[in-house]
Every structure is written in structure tokens, then in C-alpha cells.
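As a plain string of letters, each chain reads:
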4 protein chains.
Amino acid sequence: MSYFKFEEYDIHYEVYGMGQPLLFLNGIMMSCNSWKSFENEISRDNQLILIDLLDQGKSSKAKSEYTQDIQVEIVKGLLDELKIKKLSIMGTSYGGEVALQFVHKYQSMVEKLVLFNTVAKTNAWLKEIGDAWNLASNNPEAYYCTTIPVIYSPQFYERKKEWMKNRKEVLVNNVFSSKEFMDSMIRLTNSASEYDIIDKLSDINIPTLVIGSEQDHITPIDEQKLIVDKMTNAQLIMLPQTGHASFYERPIIFLSILKGFINLEKLDYMV
Amino acid sequence: MSYFKFEEYDIHYEVYGMGQPLLFLNGIMMSCNSWKSFENEISRDNQLILIDLLDQGKSSKAKSEYTQDIQVEIVKGLLDELKIKKLSIMGTSYGGEVALQFVHKYQSMVEKLVLFNTVAKTNAWLKEIGDAWNLASNNPEAYYCTTIPVIYSPQFYERKKEWMKNRKEVLVNNVFSSKEFMDSMIRLTNSASEYDIIDKLSDINIPTLVIGSEQDHITPIDEQKLIVDKMTNAQLIMLPQTGHASFYERPIIFLSILKGFINLEKLDYMV
Amino acid sequence: MSYFKFEEYDIHYEVYGMGQPLLFLNGIMMSCNSWKSFENEISRDNQLILIDLLDQGKSSKAKSEYTQDIQVEIVKGLLDELKIKKLSIMGTSYGGEVALQFVHKYQSMVEKLVLFNTVAKTNAWLKEIGDAWNLASNNPEAYYCTTIPVIYSPQFYERKKEWMKNRKEVLVNNVFSSKEFMDSMIRLTNSASEYDIIDKLSDINIPTLVIGSEQDHITPIDEQKLIVDKMTNAQLIMLPQTGHASFYERPIIFLSILKGFINLEKLDYMV
Amino acid sequence: MSYFKFEEYDIHYEVYGMGQPLLFLNGIMMSCNSWKSFENEISRDNQLILIDLLDQGKSSKAKSEYTQDIQVEIVKGLLDELKIKKLSIMGTSYGGEVALQFVHKYQSMVEKLVLFNTVAKTNAWLKEIGDAWNLASNNPEAYYCTTIPVIYSPQFYERKKEWMKNRKEVLVNNVFSSKEFMDSMIRLTNSASEYDIIDKLSDINIPTLVIGSEQDHITPIDEQKLIVDKMTNAQLIMLPQTGHASFYERPIIFLSILKGFINLEKLDYMV
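Parameters at a glance
Residues numbered from 1 in each chain as written. Chains lettered and ligands numbered in written order. Predicted model: local features only at pLDDT ≥ 70, side-chain atom pairs only at ≥ 80, totals over all residues. Heavy atoms only, no water. Helix = DSSP H or I, 4+ residues; strand = E, 2+ residues; numbered from the N terminus. Rg over C-alpha atoms; globule rule 2.2 N^0.38 Å. Buried < 20%, exposed > 50% of the residue type's maximum accessible area, 1.4 Å probe, protein only. Contact = heavy atoms within 4.5 Å. Areas by Shrake-Rupley, 256 points an atom, 1.4 Å probe, with all protein chains shown as cover. Buried area = accessible area lost by both parts, 1.4 Å probe. Salt bridge = Lys/Arg side-chain N within 4 Å of Asp/Glu carboxyl O. Polar contact = N/O pair within 3.5 Å; in protein donor to acceptor, adjacent residues only side chain to side chain. Axes fitted to C-alpha atoms, helices over the stretch in contact; angles between N-to-C directions. Parallel < 35°, antiparallel > 145°, perpendicular 65-115°, else oblique. Left-handed = near helix turned anticlockwise from the far one by under 90°. Least-squares fit on C-alpha atoms with pLDDT ≥ 70 in both. Nonpolar A, V, L, I, M, F, W, Y, C, P; charged D, E, K, R; others polar. Expected span 1.5 Å × (residues − 1). Phe/Tyr/Trp six-rings, centres within 6.5 Å; stacked < 30°, edge-to-face > 60°. pLDDT = per-residue confidence, 0-100. Pairing = 2+ DSSP bridges.

## What about the overall build of chain A?
Link 1 in the chain: When you go through chain A residue by residue, the secondary structure sums to 11 helices and 8 strands.
Link 2 in the chain: Its C-alpha radius of gyration of 18 Å places chain A within 12% of the 18 Å reference for a compact globule of 271 residues.
Link 3 in the chain: Residues classed as buried in chain A amount to 66% of the 271 residues present.
Link 4 in the chain: Once local pairs closer than 6 in sequence are excluded, the contacts in chain A between residues at least 24 apart make up 76%.
Link 5 in the chain: Total accessible area on chain A is roughly 9,700 Å²; 48% of this is exposed by carbon and sulfur atoms.

## So, the environment of leucine 264 of chain D
Link 1 in the chain: For leucine 264 of chain D, the location among the structural elements is in the segment after helix 11 (251-262).
Link 2 in the chain: When neighbours within four sequence positions are excluded, leucine 264 of chain D is seen to be in contact with Glu41, Arg44, Ile252, Leu255, Ser256 and Lys259 of chain A together with Lys112 of chain D.

## Things to note about unusual backbone geometry
Backbone phi values are negative for most residues with the exception of glycine, while trans is the configuration of most peptide bonds.
Residues and elements named next belong to chain C.
Link 1 in the chain: Positive phi outside glycine occurs at glutamate 7, with the angle close to 50°.
Link 2 in the chain: Judged by relative accessible area, which is 55%, glutamate 7 ranks as exposed.
Link 3 in the chain: Backbone geometry places serine 93, a non-glycine residue, at a positive phi of 55°.
Link 4 in the chain: Taking the relative accessible area as the measure of exposure, serine 93 reaches 13% and is therefore buried.

## Overview of the interface of chain C and chain B
Link 1 in the chain: Of the residues lining the interface, 33 residues belong to chain C; the matching set on chain B comes to 33 residues.
Link 2 in the chain: The contact between chain C and chain B buries some 3,200 Å² in all, and 66% of this surface belongs to carbon and sulfur atoms.
Link 3 in the chain: Seen at the junction of chain C and chain B, the total is 2 salt bridges.
Link 4 in the chain: Here arginine 44 of chain B makes a salt bridge to glutamate 265 of chain C, at a shortest N to O gap of 3.6 Å.
Link 5 in the chain: On the surface where chain C and chain B come into contact, there are 11 residue pairs in polar contact (both at pLDDT 80 or more).
Link 6 in the chain: Of all the secondary-structure elements, those providing two or more residues to the side of chain C that touches chain B are strand 8 (234-239) and helix 11 (251-262) of chain C.
Link 7 in the chain: Counting residues per element, the side of chain C that touches chain B draws most heavily on helix 11 of chain C, at 9 residues.

## Some thoughts on the packing of helix 2 (residues 68-81) of chain A against helix 3 (residues 94-105) of chain A
Between two packed helices, what matters for the description is the angle formed by their axes and the separation of those axes.
Residue and element names in this part refer to chain A.
Link 1 in the chain: Two numbers describe how helix 2 lies on helix 3: the axes approach to 9 Å, and their chain directions differ by 70°. Considering the angle they form, helix 2 stands roughly perpendicular to helix 3. Seen along the crossing, helix 2 lies across helix 3 with a hand that is right-handed. Taking contact as the criterion, the partners of Gln68, Asp69, Gln71, Val72, Glu73, Val75, Lys76 and Leu79 in helix 2 are, on helix 3, Tyr94, Glu97, Val98, Gln101, Phe102 and Lys105.

## Points about the relation of the copies chain D and chain A
Each of the two copies of the chain can be brought onto the other by a rotation about an axis and a shift along it.
Link 1 in the chain: Superposition of chain D onto chain A requires a rotation of 180° combined with a translation of 0.0 Å along the rotation axis, giving an RMSD of 0.0 Å. Here the transformation between the copies is reduced to the relation of a two-fold axis. Proximity to the rotation axis, assessed at the C-alpha, singles out glycine 260 of chain D in chain D; its C-alpha lies 1.9 Å from the axis.
Link 2 in the chain: Take the interface residues of chain D: 100% of them recur as interface residues in chain A, which is what a same-surface contact looks like.

## As for the interface of chain D and chain A
Link 1 in the chain: Listed per partner, the contact involves 33 residues of chain D and 33 residues of chain A.
Link 2 in the chain: Taken over both partners, the interface formed by chain D and chain A buries close to 3,200 Å², and the fraction arising from carbon and sulfur atoms is 66%.
Link 3 in the chain: Remark: the boundary between chain D and chain A carries 2 salt bridges.
Link 4 in the chain: Summed over the shared surface of chain D and chain A, the result is 11 residue pairs in polar contact (both at pLDDT 80 or more).
Link 5 in the chain: The set of elements that each furnish at least two residues to the side of chain D that touches chain A consists of strand 8 (234-239) and helix 11 of chain D.
Link 6 in the chain: Among the elements that make up the side of chain D that touches chain A, the one with the highest residue count is helix 11 of chain D (9 residues).
Link 7 in the chain: The class makeup of the residues in the side of chain D that touches chain A is 21 nonpolar, 5 polar and 7 charged.

## Concerning the environment of isoleucine 148 of chain C
All names here are of chain C.
Link 1 in the chain: Mapped onto the elements, isoleucine 148 comes out in the loop between helix 5 (140-147) and helix 6 (154-159).
Link 2 in the chain: For the pair formed by isoleucine 148 and leucine 171, sequence separation is 23 residues and the distance between their alpha carbons is 9.7 Å.
Link 3 in the chain: In this structure, isoleucine 148 is in contact with Met29, Tyr143, Tyr157, Met164, Leu171 and Phe176, ignoring residues within four places of it in sequence.

## Description of the environment of aspartate 10 of chain A
Residue and element names in this part refer to chain A.
Link 1 in the chain: Its location among the elements puts aspartate 10 in strand 2 (residues 9-16).
Link 2 in the chain: For aspartate 10, a relative accessible area of 33% puts it in the partly exposed group.
Link 3 in the chain: Separated by 135 residues in sequence, aspartate 10 and cysteine 145 place their C-alpha atoms 32 Å apart.
Link 4 in the chain: Aspartate 10 has contacts with Tyr3, Phe4, Lys5, Ser59 and Ser60, leaving out every residue within four places of it along the chain.

## A look at the packing of helix 4 (residues 124-135) of chain C against helix 8 (residues 179-191) of chain C
Residues and elements named next belong to chain C.
Link 1 in the chain: The interhelical angle for the contact between helix 4 and helix 8, taken along N-to-C directions, is 170°, at an axis separation of 10 Å. Considered as vectors, helix 4 and helix 8 are oriented roughly antiparallel to each other. Counted together, Gly130, Trp133 and Asn134 of helix 4 and Met185, Ile186, Thr189 and Asn190 of helix 8 form the full contact between these two elements.
Link 2 in the chain: Per-class residue counts for the contact of helix 4 with helix 8 are 3 nonpolar, 4 polar and no charged.

## Some points on the relation of the copies chain C and chain B
Link 1 in the chain: The operation relating chain C to chain B is a screw motion whose rotation component is 180°, with 0.0 Å of axial translation and a residual RMSD of 0.0 Å.
Link 2 in the chain: Same-surface contact between copies: 100% of interface residues of chain C are shared with the interface of chain B.

## Some points on the side chain of asparagine 26 of chain A
Residue and element names in this part refer to chain A.
Link 1 in the chain: In this fold, asparagine 26 is placed in the loop between strand 3 (21-25) and helix 1 (39-43).
Link 2 in the chain: Among the polar contacts listed, one links the side chain of asparagine 26 to the side chain of tryptophan 35, at a separation of 2.8 Å.
Link 3 in the chain: Among the polar contacts made by the side chain of asparagine 26, one reaches the side chain of glutamine 56 at a distance of 3.1 Å.
Link 4 in the chain: If near-sequence neighbours (up to four positions away) are discounted, asparagine 26 is found in contact with Ser31, Cys32, Trp35, Ile51, Asp52, Gln56, Thr92, Tyr94 and Gly95.

## Here we look at helix 3 (residues 94-105) of chain D
All names here are of chain D.
Link 1 in the chain: The terminal C-alpha atoms of helix 3, which comprises 12 residues, lie 17 Å apart, in line with the 16 Å expected from a rise of 1.5 Å per residue.
Link 2 in the chain: Along helix 3, 10 of the 12 residues are buried, which leaves the element largely enclosed by surrounding structure.
Link 3 in the chain: As for helix 3, its buried residues are in contact with strand 3 (21-25), helix 2 (68-81), strand 5 (87-92), strand 6 (110-116), helix 8 (179-191) and helix 9 (221-230).

## With respect to helix 11 of chain D
Link 1 in the chain: Here helix 11 of chain D is 12 residues long and its end C-alpha atoms lie 16 Å apart, about the 16 Å a rise of 1.5 Å per residue gives.
Link 2 in the chain: Taken together, the buried positions of helix 11 of chain D are occupied by Pro251, Ile252, Ile253, Phe254, Leu255, Ser256, Ile257, Leu258, Lys259, Gly260, Phe261 and Ile262 of chain D.

## Concerning the packing of aromatic side chains
Link 1 in the chain: A complete count under the given rule lists 78 aromatic pairs over all chains for this structure.
Link 2 in the chain: With 6.1 Å between their ring centres and 40° between their planes, tryptophan 35 of chain C and phenylalanine 38 of chain C make a pair best called tilted.
Link 3 in the chain: Classification of phenylalanine 38 of chain C as buried rests on a relative accessible area of 4%.
Link 4 in the chain: A centroid spacing of 4.8 Å and a plane angle of 45° characterise the contact between tryptophan 35 of chain C and phenylalanine 247 of chain C, whose relative ring orientation is tilted. In this pair, tryptophan 35 of chain C is assigned in the loop between strand 3 (21-25) and helix 1 (39-43) and phenylalanine 247 of chain C in helix 10 (residues 246-249), connecting sequence segments 212 residues apart.
Link 5 in the chain: For phenylalanine 247 of chain C, a relative accessible area of 7% puts it in the buried group.
Link 6 in the chain: Joined through ring pairs, the aromatic side chains of Phe24, Trp35, Phe38, Phe116, Tyr152, Phe156, Tyr157, Trp163, Phe247, Tyr248 and Phe254 of chain A together with Tyr269 of chain D make up one cluster.

## Considerations on the pattern of salt bridges
Link 1 in the chain: Across all of its chains, the model carries 72 salt bridges over all chains by this definition.
Link 2 in the chain: Residues aspartate 222 of chain A and lysine 225 of chain A are paired through a salt bridge, measuring 3.7 Å at the closest nitrogen-oxygen approach. Placement of the pair is aspartate 222 of chain A and lysine 225 of chain A together in helix 9 (residues 221-230), with a separation of 3 residues, close to one helical turn.
Link 3 in the chain: Among the ionic contacts, a cluster of salt bridges with common partners joins Glu41, Arg44, Asp45 and Lys259 of chain A together with Glu265 of chain D.

## Remarks on the confidence of the model for chain A
Link 1 in the chain: Of all residues in chain A, 99% have pLDDT values of 70 or greater, and the mean over the chain is 97.
Link 2 in the chain: For this predicted complex, the interface confidence comes out at an ipTM of 0.97, alongside a pTM of 0.97.

## Here's the deal with the pairing of strand 5 (residues 87-92) of chain C
Residues and elements named next belong to chain C.
Link 1 in the chain: Burial analysis of strand 5 places 6 of its 6 residues in the buried class, which makes it a mostly covered element.
Link 2 in the chain: Of the two faces of strand 5, the one lined by Leu87, Ile89 and Gly91 and the one lined by Ser88, Met90 and Thr92 are each fully buried.
Link 3 in the chain: When strand 5 meets strand 6 (residues 110-116), the two strands line up parallel, connected through 5 bridges. If you follow leucine 87 over to strand 6, its bridge partner there is valine 110.

Spelled out as C-alpha cells, the structure:
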């Protein structure tokens, strides 16, 4: 189990395999653990780097509120620690926001970028959805019902009714009932509340795939269209009948697009 | 101000104008008042009938939990009271659910049907979103943030930032802070929790328009596609860049489709 | 049967009913006759004005090639003839293009505008589709197969197989086999080949509804999105599982939206 | 240059690289040559097998009309020739139709399946579009304008105006002016005219990705939704602002999805 020191914090990370490095940046409620089932497949061809951002998983809890800027510097700190000069990044949701800000600041370090279910701005709508999350944080079941259904598609939820029921029990009883966890969730949510990279997107010229889901009720597909319109070198893929946690609902498509793109040798086709 | 007696309850209704009667069935958080600005336009050509369902607006609060069956009978009661034998119905969201159940039971009384942002079933996903609403009901701000943003499109929310801010103040301080109102909201939400008319849709053979919104994050467009697929005589219209409360975000389109359709004389075109 | 003189040409028109005037501008292959089944419904509340543009229906055949400018002036000529100072316009496809150019030039004469399946520009793609039509014009069956299927949705075509078969016979044997008709079709097609009003759309501030179809394979929905984005006072409606000739595939929706919108008294709603 | 004998015909094929075999089945107007720029990327990890089906590229011209059944048997013949027992198949358009029929007949030979812009049936609509192609076949420019624009998105066509102009010259002067080529195109088109595998799709239980394009005006996205609904083990991906020849308009996405999926080791994820 590996950690490195960032300022006063211990940041947990995991490295698997060899080859071109590929960093995963987690969604807000996720951790390195969330990628367990994908480790083998990714690390067969790439060096997979997982990280718990500040307030995620096994990394330190923050001592006070912060913005995503610190997450960007933590990512930079990890790459320095690992002496990695150039890599590709996959970010989903919150992790995609950190990825975009990292790429904008350290563009020369990034080979390729893959963004799943990411926005370019925490708009008024998303801000108040975040407020709803925070206001429900003192009641585990309320927190579950406020945050979990909306990150899945109704179709998936209906299909996996039993599985979701078990998951609810685990989350309500073991996770959302921890004051420490909930405090970190509140800080993470707040750290994105002023996020807005729209005007800087046109500066980013890294080969990028942007993936959105038809049934994404947190970061709707129009947000990903906006990202692709503004970026210089980005293309859009849409997943029908899929929700916000697309890597979860469509693991095979997630892995296919990601592995395929990251390992392409040539990107300049005539058309 | 008119009332009629349904069992132990006083049910409030309003009637405007003359002509072919057209009944509006409200969404869950709405009341007769919500249609104020539409009264003139509708009542120029039709007899507009508004009703506060049980636990809505000026109608009685329920004495215990119930299902939407009672709302269906309340609608029937009102029509008997008004001696109306045949009419058209517009239902939105919760009101659309009541409309579908009414039409299924009293098919011969319905001339035409218009459904905005309605589902055919409270599936597992929607059920838990309802639970989130109920669990937030003891905190006015939590209730606002849990229920309000999701009924608008992000685009509308961003465009009407100031207006939404005022609305938030009113709702948080004057509406969601009333224990009586919140209790009625909980009962209304619960009354839909077992709703499922999917298998009966094919029995309904009333000329119907079904309108869905691209950015409906409560009753996503796939639900309206399902209704149209199963019904015998229904057609679908989609409103891009519009949220769940489409009559609010697109009043002109709402009125156009509704008035136009209700007042068509002939419906049998060659194709 | 009414005609008026425009330059050297006889222009055929029809007027039905009384009330606020509403002018229909035909798609390229259409004529006043195409609206037969809608005359009663529209003329109950409005004065319906139909016109055969130059090279359409009973109007004169042109003596040489022209641009859509002449169609715009013909429309103006008709309104002068009828002493109409202000009216609403519905244009579909080619007729929508003429409508947009008319509105831009004579904005003060237009009350409301409804555009079905219209583009703002004949782009390179549409230009060559027009070329395909012209190049097939010497063979009636080729012309049928090149122009007709693409103006319907595959779903409609499959549903109306028998009806389409009869239509094919009529069109191939009685219409497309006429050299005179085909020459007029070629001129009409060519008259739109330089059409481009994109940069002028923002000047138009007339209450407008723009309707597109999900299965429009001639003027795809993205074109109508563009129009709505650029115009000042336009809103978009989308018809799922519908093709280019939406008035044909969805007569009830066509009439509902059109009649409803044209006859709204008030257009300024708070939101 | 390799050939094998199928009945009286010489069938041309090409094999590149080593590893798990992956067969490409061409769209109707394509040949082995169409994949030139993808050969290196695919053959780095897989044995890429290209084939000119009967009447395509360097393979024999057919002596009479046929159905796609013969193409299925030609594919089987090639695999026998190469002593390949199990492989993955990518088919696009016509090639996807052959792929589906091959998979249905020789299911045990297929590891994974990737279908780009494919239909399950030549419906009445597509049938007459094919007729339009055939009827334009005696005039090279007419053939170009009838067949080429519709296989691209309007956006691509506008973006690549110059490139398309050059392509037009080459195709009109060197390709569509050859009677031999046009006769083979007619036979290929006719060979699909009775194609209908809808009722057999549910028998196919091979891991499958189905990719459709938002601006596909030959095989619209609804056709791919149908395939995914009926097949047992298929998932859908949608490419916004992309036309029928998606491998051409989106080579990077084409390669990413294809290479990623074909080379996944594990396909059974919990969800």
C-alpha cells in the first residue's frame, strides 16, 4: 500500500503493470477500490495508476474546505513522486473536472485524455443538486435516496433491483452512517462549487474522447456536447440507455473505448 | 370559490368559460393557482376546469394515506357534480398518472387526452427519488434543493437564476416550512408509489398526444416513448432543451399544442 | 379559381374562410392541392391563403432559371393584391426557405412564423442531393426512387407500403413522366442552390415555432437547431419517428401546433 | 496477393499480422483497399483478414444475380482455406448484414462481433433507395450524387468540401464510368433486397457491440436500436454528428472501440 506526502496530507495511490502510464481520476464518491475489477484488463497493456484524491478512500481527510486546485496539485505531486513526465488520463465526473484543470495547467504532460460524464462548469442547477446532497448528509437513508438513484439510469435500476437493494443496505449502514465519511463528502462537493473551465477549454489541444450518457441525470449529455464544441481536438461518443455511472452500467464499453483509444499508435488520419 | 363534497373531504375546483370542457390535472406540487396565467387563453375557446386533488391547494388534507385511486374517483365526482358526460383531459406528471387511470376506468367519458411529462409506472428508480423527497421533508432548504432543480432543465435554471433565487426564498420560507403542506406532499408522493398502468395501456383507445422533454430528469423521455408504444392512438412530441415542468419552461408551446389539439374537429386523415 | 399577374406570370392562389390571415408556402414538389384535407380545419378560425409559387401547381412555368428572390416578391405581390398588411406564415421545406427570406425583407408584415422541416442554407450536402434529383429527372422511376423515399421516415414507408405503391404508380406514370413538370422541378431545385440566410437570422425577431423531425433525411434536425439558436424569438419542437414530410406523416400534430400557435392571443409569459 | 477458389469464382483476400484473427466485412462500395490506413494499427495486435466479397474489389464478378447467402458461404470458404476455427468479425453496412447472417449460421465460429451502421432488414424504404442507386447507374454523375452525399453527414461534407470535390472527380471519371463496376454494384445492391434477419436475431448470443450514427441517412440509428433490442448480448454506442460511413468520419473512434473490444480478455463483469 503506497502513500506519498502532499503538504500535511498522506495521499494513497496504487500502481499496476507496465507500459504507457494511464491515470484514473475518480468520481466524487469513489476510491481506488472502485476500479478493482478493471485492474487486470488495464494493466495488461498499460501502467495503471489509481489515486485517492484528498478526502477520498484511504487518503487523508482534509483539515478545512478547499477547491479542486488542491486536487490538481496532488495529481501533479503524485506524477513527480513517480517521476512520470507524460501520461494519459481518464477522468469520470468529479475526476473529469480535475483532469480538465490538470490538463489546462500541465498540458505538456498529457498524451491523451478520456472524459466520462464530465461537465465544464458547476452551473446553478448542479450547484443546488450538490446542496441537496449536503443537506441530506445527516441522514444516511436520505443521503442514499438523494445521491444514488440519480447516478444510474432508470433502466439499470429496474434491471438490478436486487443488487441495488443490497447496495443500499451496505451504503446506508456502513458508509453514509460514518460522520467522517460524510464530512469528507461535503468538502468534496463544496470543492467543485465554483468550478468553471468553459473559457479555457479552447486552449486545450490534447487528443480527447468525451463520453456522455443518454440517461445521465447529473451531468446531462448537453454538457459533454459543450466540452467537445469548445475543445480543439475532442470527439463525442454517446451511450444510449445508460446513466451517469457509465463505467458501472457499461463496463465492457468503458474498457473498450478507453483501452482502444489509449493504445492507438497513430492519430492522424486523412479525414 | 367552489367546493364539492367527496366522502369526508371538501374538494376545491374552478370553472372558466364555455365550450367543450377541458380538465387540467395538476402535477404533485401544483394547485389551481399554478394555471393562473393560462386561464384566459384556454377559456376563450373551452370551458376550463381546474381542480385541487386531495392534499393539493385549497382541497382538504387527507386523514390518512391513500393511493391514486381516490384521486380518480374525486375526478369522477367532480364531473358528476358538474354534470359533464364527456370532456378532454390534460394531465402533467402526477396529474398525467391520474388522467391515465381515469381514462382507463371511464374511457367513454374522455374525448381527447394530452399528457405532459408523465410515466406509466413508478419504477424502482422513481420510487427512491420519491423517498428522497419524503426524507428531506423535515428541512425546507433540503426539500427545495432535492425537489426543485430536478424539475427544471439546467438551461432554464441558468437562464432564470435571479427568478429561481426569489422562488427559493418564497418556497423555503412560506411553503416548505409548513408542516401541514409537507405532510400532504408526503402523502401525495406515497399515493403514487405503487402506480403501474403499463399492462393496461393497450386498452386505451382515445386520441392522445404525449409530450416529453429532452431534459426531463424526473420522468425521462423514454417513459413517454413507452406510453406511446403501448397505447393504441397516441403520438409523441419532444421538446428539446426543456425540463420536467415543460408548461413552465415552454408556456407558448404548451398552449399551442394543447389548444390546437383539443379544438381540432376532424382527426381522421388519410394517412 | 384565382390568379394574379406577377410580371409576365400568372400566379394561382386560393383563399378560404375569414379571420387572421395565414399563408401556407409549399414544399418544392407541392401545390395548393396538397393542403386539400386541411382547408376546413384551418379556415374555421383563420383566413387560409394558399399559393402556387412560380413553377408550382397551376401557376405559370418560368421562362428561365431564377433564384428564390422571385418567389419572395411573388408572395409580396399576392399580399398587395389581397390588400393584406399583416399575416402569419407557415412554410415547409422550400416554402420555409421562402418564408424566412420574406420575413427578413418584410418583417413588419409578419405576425407569427411557423417553419416545418426547413434549413437556413443549401449546404454542399443538400446541393448535391438536389443535383441527384435533377440528374434523375429524365427517368420517371429513377426520379421517384431518388426523391420520394427520403422525404418519408422508414417507419412510415413500411407502415404505408400499399399506399406508397399506389402513389408510386400515379407519380411515375402521370406526374414525373411530364417533361413540363420535370423542367419546372429542375428550375425550382436550382432556385434554392445558392440559398443562405444564416447570417441574417439574428435580425429576425418574429415569434416563431420551428419544427423538426427525428427521421428527416433531407433537412436533418441539426439544421432546425441552428435556426433556433440564431433567431431571436424562436423555439424548437421535435417529432420522433417522423420524416421530412411531417405534415403528411403527422397531420394531427401539424394542425395542432399550427392552429394553436397562430391563434394564441398572448405571447408574453413571465418565463 | 492471395486468392482462393469459391465455386467458379476467384476470391481475393489479404492477411496482416498475427494474434487473434479479426475479419473485416466491407460495405457495398468498398474493397480491401478501403482499409489501407487501418492495417498497421489493427495488425499490431490482431491478425487482420480482409476480403473482397463477390463483385467487390479484386474478386471475380458474378455471372448472374445472387443473394447474400453466397457471400456468407464465401466467408466460410475463406475461413476453411485459412484453417481458422474461431475469430471475431467487424462488419459495416452491407458487410454487417453478411456478418449477422454468417454469425447466425456459424455461431460457434464467432468470438465477438462488431457492427457499424448495419440494419437487420432491407425494408421498403431502403429497398427503393437501392432502386434509386440502380436506376442512376447508367450516368456516373447521377450515381455519384445519388449514392455519395447520403453516406456522409452534412457536417462532414461541409467540412471536407475540397476533399469531396476531388473524390467526386475520381469516382465519376474512373470508377462509376466503368460498366463492369456498375454492373457489379447493381448485383450487390440486389443481393440485399430480400434480406431480413429480424426474427433470427434473438438466436444470436455472441458478445456484440453495435455502433450507429446520429446522422446516418441510409441506415438510421433506430435500425441499430432494433438490433440491440432483439439480440441477447449486444450493446449500443451512438456517434453524434456522424454519418453512415462512420469509420471514415471517425477513424479514431472506429479503431478505439474496435481494438479495445476485440482484445478484452474478460467480458463478465458483475453488472
